[in-house]
Amino acid sequence: MQANLAVLMDPIEHIKIHKDSTFAMLLEAQRRGWPINYLQQKDLYQRDGRTYVKGAPLKVYDQTGRWFELGEHLTQPLDAFDVVLMRKDPPFDMEYIYTTYLLQQAADTGVLVVNDPKALRNANEKLSTGFFPQLCTPSLVTRLADELNRFINEQQDVILKPLDGMGGASIFRVKQADPNRAVIIETLTAHGTQSCMAQRFIPAISQGDKRILVIDGEPVPYALARIPAPGETRGNLAVGGRGEGIALTERDREIVATLSPYLRRSGILFAGLDVIGDYLTEINITSPTCIRELDAQYGLNIAGLLFDCLEQKLAV
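Residues numbered from 1 in each chain as written. Predicted model: local features only at pLDDT ≥ 70, side-chain atom pairs only at ≥ 80, totals over all residues. Heavy atoms only, no water.

## Considering the overall build of the protein
Within the protein, the regular secondary structure consists of 8 helices and 18 strands. For 316 residues, the compact-globule formula gives about 20 Å, and the C-alpha radius of gyration of the protein, at 20 Å, lands near that figure. The dimensions of the protein, computed from C-alpha atoms along their principal axes, are 60 × 45 × 40 Å. Taking all 316 residues of the protein together, 52% fall into the buried category. Counting contacts in the protein only where the partners sit at least 6 residues apart, residues at least 24 apart contribute 68% of the total. (Helix = DSSP H or I, 4+ residues; strand = E, 2+ residues; numbered from the N terminus. Rg over C-alpha atoms; globule rule 2.2 N^0.38 Å. Buried < 20%, exposed > 50% of the residue type's maximum accessible area, 1.4 Å probe, protein only. Contact = heavy atoms within 4.5 Å.)

## What about unusual backbone geometry?
The step from Pro 90 to Pro 91 runs through a cis peptide bond, and the omega angle for that step is 20 degrees. Within the secondary structure layout, Pro 91 lies in the loop between strand E7 (83-87) and helix H2 (94-108). Residue Val 114 is joined to Asn 115 through a cis peptide bond whose omega torsion reads 0 degrees. Here Asn 115 lies in the loop between strand E8 (112-114) and helix H3 (117-122).

## Quick notes on the side chain of Thr 281
Tracing the sequence through the fold places Thr 281 in strand E18 (residues 279-284). Classification of Thr 281 by relative accessible area gives buried; the value is 4%. When residues no more than four places from it in sequence are discounted, the contact partners of Thr 281 are Thr 129, Lys 161, Gln 199, Ile 202, Asp 274, Val 275 and Ile 276.

## Looking at the sheet that holds strand E12 (residues 196-200)
With respect to topology, 4 strands assemble into an open sheet ordered E9-E12-E10-E11, the strand pairing being antiparallel. If you trace the sheet from one side to the other, it starts and ends with strand E9 (139-142) and strand E11 (172-175), each paired once. Shown here is a sheet whose adjacent strand axes are inclined to one another by a mean of 25 degrees, direction ignored. Pairing geometry for E9 and E12, over 4 bridges, is antiparallel. What sits directly across from Ser 139, in E12, is Gln 199. (Pairing = 2+ DSSP bridges. Axes fitted to C-alpha atoms, helices over the stretch in contact; angles between N-to-C directions.)

## So, the environment of Ile 268
With respect to the helices and strands, the residue Ile 268 is situated in the loop between helix H6 (250-265) and strand E17 (270-276). Here Ile 268 falls in the buried class, since its relative accessible area comes to 1%. Placed 18 residues apart in sequence, Ile 268 and Thr 286 show a C-alpha to C-alpha distance of 9.6 Å. The contacts of Ile 268, once residues within four sequence positions are left out, are Asn 115, Ala 119, Tyr 262, Leu 263 and Ile 285.

## Topic: H2
Look at H2: 21 Å from first C-alpha to last across 15 residues, which is about the 21 Å you get at 1.5 Å a residue. Listed in full, the buried residues belonging to H2 are Tyr 96, Thr 99, Thr 100, Leu 102, Leu 103, Gln 104, Gln 105, Ala 106 and Ala 107. For H2, the secondary structure elements touched by its buried residues are strand E1 (5-9), strand E3 (44-47), strand E4 (50-60), E7, E8 and H3. Positive phi shows up at Gly 110, right after H2, with a value of about 110 degrees. (Expected span 1.5 Å × (residues − 1).)

## A short note on the pattern of salt bridges
Here the idea is simple: oppositely charged side chains can pair when their charged atoms come close. Per the stated rule, a full pass over the model turns up 23 salt bridges. Its salt-bridge partner being Glu 244, residue Arg 242 comes within 2.8 Å of it at the nearest N-O pair. A relative accessible area of 46% places Arg 242 in the partly exposed class. Sharing partners across several salt bridges, the network here consists of Glu 28, Arg 31, Arg 32, Asp 308 and Glu 311. (Salt bridge = Lys/Arg side-chain N within 4 Å of Asp/Glu carboxyl O.)

Structure, rendered in structure tokens:
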């Protein structure tokens, strides 16, 4: 099957192809003979209720130094495509939300948008874990300093993080006796004007923050455990964590099985679950990563599994 594909992503000239999951998807689309149209947020616009895109045909090469080639930019309606991959990284700001509305117009005409724009708007990657408290460590979302202080006193060792970040940015470990806790709370809540998340610290982070990739409710059988660098509590690869592949545990599979109906119902075809020890910590749906690392370690083709799923959806 051949399908016309549009990929909305961050600037392709800045990606690191050895670990970029969107690049793995582009390679797979090209292997299948799918025409690829590359675009960024700035290339979308709406006129008289219809979304248009100023995109460019794209070819990709799995080689350093020269990994892409763009053709002439061409304006066309977004609903002319069969599939749109929304792979723009956070921050999840108002421009991101506006983009989901523009994508929604195409989705409403039958274009397969991955992930569903409504899910991107409604399912915050941190807050959505609150739908599954039985899978999570004790947690709190608030902008109130007294509630955060009460939670820290109860749990004694917590992680504080913003609701709209990625890659380990602005994540703090705060213990009950930490002399900096007041300023950390002030910083994360912007003096009580924005909410943040607090979660009880999970010591199993020393064995890694596991990224479990889920395609249409089914897990890839291996996770990437992102192991913190010495002296760090964050396993994110962007801050120096080391990625090590591991087989899923029974608890991992239980977490996926619990989440699968929600993911399918929400139109979330590609998700990245973050699990530390036995606890779910995040449900990543904007631009989940770790495809390239797992492919390299286990000889997989995770993008191929995703595109098999896309073809099945298009055939219905």
